[in-house]
Number of protein chains: 2
Amino acid sequence: AIRDAALALLARAGDAVRGPLSGLRALVTSGPTHEPIDPVRYLANRSSGKQGMAIAAALRELGAGVTLVTGPTVEPAPAGVAVVRVETAREMLAAVETALPADLAIFAAAVADWRPAEARAGKIKKDGSAPAPLALTENPDILATVSALPAGRRPALVVGFAAETDDVAANAAAKRLRKRCDWIVANDVSAAGGGVMGGAENAVIVTDDAGTETWPRLSKAETARRLALRVADWFAARQAET
Amino acid sequence: AIRDAALALLARAGDAVRGPLSGLRALVTSGPTHEPIDPVRYLANRSSGKQGMAIAAALRELGAGVTLVTGPTVEPAPAGVAVVRVETAREMLAAVETALPADLAIFAAAVADWRPAEARAGKIKKDGSAPAPLALTENPDILATVSALPAGRRPALVVGFAAETDDVAANAAAKRLRKRCDWIVANDVSAAGGGVMGGAENAVIVTDDAGTETWPRLSKAETARRLALRVADWFAARQAET
């Protein structure tokens, strides 16, 4: 039902914008995921959702039909984009799989790597004794899962994000190979790196099979536009090859 | 410095509104706290901050000088209120202690009971092995700490909030005695109770030494106004006694 609604929205919006990405279907994730501990407590990654929302908007402006799967955020969704709201990593993976196939996928969400092993149905009471350690379990890896899909089902271009606090370029390059995605967009979220997370700007390093590009500090909207243009160039080059 | 700025703001705003709470100083907390695991991950309680913000606004409308100490929220702070923004429970306690003395204090924030025992300076890498359990430690109890202050330092009226998923009235009454506060405003955050957390409405039970009042489901602004009027009645009765 979600997929049908998204397709209907895309079909309606598809005629409105012409651009270098017209005719292509894009999937974007944004925001954090919230992993419940009990009905009132959760574990999360820091993320405002701004960068993913801006990427969805920028792809749309270039003509792509965009489905945005977003974790909890108060950011308004961009116009003309089909939005699916989720809370947890598992819900995000399910929504992503439902939204496929797509020509390109940009995973900008800050998905929690781990979730509490057990989400309690009732509020855990504070009983005065020392709190028990919180047992964790690994969440599904959405980027690696989609990157590993067979040709035809896998988007032609899969882009991951990385928030790093040290060795940003090296960690990003290693992550690209490990996840088998095509590009990694990495930002330095350490205090030394500007701690831009949640702010209005971003300073990223883009890694692909040709190497590494360091972009200047830009507004998140500018970073998104530059990324969307890079995507358009990539599809144009691919088109020229075939 | 925070206290001086708050006092200056209050002094400036103090003349603007006349009402039954004029001349009284109120302290309100709102929002969640975020307890860092590492630079990108945190543990939190669900809270939009809406109810606390609405209470600060309602007290201000009745003439009180209000200091609001709020955890991370995107809610706009009400006009004429001195706002101190914090992230963790420990920061919230420090800001509350700095804002005292006050005639009344309403602790509407959803403070995390526990925090990670150690906040790591660098992002914890996912290394493929099962994640280690997260060791937790107890946060300071702001409501109990302020309720236990000696006369003169303790606000005359201390109001706590409770989010409960079962036995709401009984848990609220027990919490009032345990924390030694004057009133508890409790809401049922279970799905059966409407799961109103984060929504626009609230349905609360107010417990004091005289017993329990069940309020109907009201907008958070209406709940706040009713609570502010109950506070004004309490101070009027106290005034009449002396």
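These numbers were taken from a predicted model, which means no experiment stands behind them. (Residues numbered from 1 in each chain as written. Chains lettered and ligands numbered in written order. Predicted model: local features only at pLDDT ≥ 70, side-chain atom pairs only at ≥ 80, totals over all residues. Heavy atoms only, no water.)

## Some thoughts on the relation of the copies chain B and chain A
Here is step 1 of the chain: In the superposition of chain B on chain A (RMSD 0.0 Å, axial shift 0.0 Å), the rotation amounts to 180 degrees. A rotation of that kind, with that shift, is consistent with a two-fold axis. (Least-squares fit on C-alpha atoms with pLDDT ≥ 70 in both.)

## Thoughts on the sheet that holds strand β4 (residues 65–70) of chain A
Residue and element names in this part refer to chain A.
Here is step 1 of the chain: What the eight strands build is an open sheet, ordered β5-β4-β1-β6-β9-β10-β12-β13; its pairing is mixed. Edge strands, defined here as strands with exactly one partner in the open sheet, are β5 (82–85) and β13 (211–214). Across the sheet, the mean angle separating the axes of adjacent strands is 15 degrees when strand polarity is ignored.
Here is step 2 of the chain: Strand direction decides the pairing type here: strand β9 (residues 157–164) and strand β10 (residues 183–188), joined by six bridges, are parallel. (Pairing = 2+ DSSP bridges. Helix = DSSP H or I, 4+ residues; strand = E, 2+ residues; numbered from the N terminus. Axes fitted to C-alpha atoms, helices over the stretch in contact; angles between N-to-C directions.)

## Concerning the environment of Leu104 of chain A
Residue and element names in this part refer to chain A.
Here is step 1 of the chain: With respect to the helices and strands, the residue Leu104 is situated in strand β6 (residues 104–107).
Here is step 2 of the chain: As for Leu104 and Val159, which are separated by 55 residues in sequence, their C-alpha atoms are 8.0 Å apart.
Here is step 3 of the chain: Not counting the four nearest positions on each side in its chain, Leu104 is found in contact with Arg25, Ala26, Leu27, Leu59, Pro155, Leu157, Val231 and Phe235. (Contact = heavy atoms within 4.5 Å.)

## Topic: the side chain of Arg115 of chain B
Residue and element names in this part refer to chain B.
Here is step 1 of the chain: With respect to the element layout, Arg115 can be found in strand β7 (residues 114–116).
Here is step 2 of the chain: We note that Arg115 is buried and unpaired, the nearest opposite charge coming from Glu35 at a distance of 5.5 Å.
Here is step 3 of the chain: Looking at Arg115, its side chain comes within polar contact range of the main-chain oxygen of Glu138, at 3.4 Å.
Here is step 4 of the chain: Setting aside anything within four residues of it in sequence, one finds Arg115 in contact with Glu35, Arg90, Ala135, Leu136, Thr137, Glu138, Asn139 and Pro140. (Buried < 20%, exposed > 50% of the residue type's maximum accessible area, 1.4 Å probe, protein only. Lys, Arg positive; Asp, Glu negative; His and termini not counted. Salt bridge = Lys/Arg side-chain N within 4 Å of Asp/Glu carboxyl O. Polar contact = N/O pair within 3.5 Å; in protein donor to acceptor, adjacent residues only side chain to side chain.)

## Notes on the pairing of strand β6 (residues 104–107) of chain B
Residue and element names in this part refer to chain B.
Here is step 1 of the chain: Of the two faces of β6, the one lined by Leu104 and Ile106 and the one lined by Ala105 and Phe107 are each fully buried.
Here is step 2 of the chain: Summarising the sheet, strand β1 (residues 25–30) and β6 pair through four bridges and their orientation is parallel. Looking across to β6, one finds that Ala26 is bridged to Leu104.
Here is step 3 of the chain: Where β6 lies against strand β9 (residues 157–164), four bridges are found, and the strand directions are parallel. Paired with Ile106 across the strands is Val159, a residue of β9.

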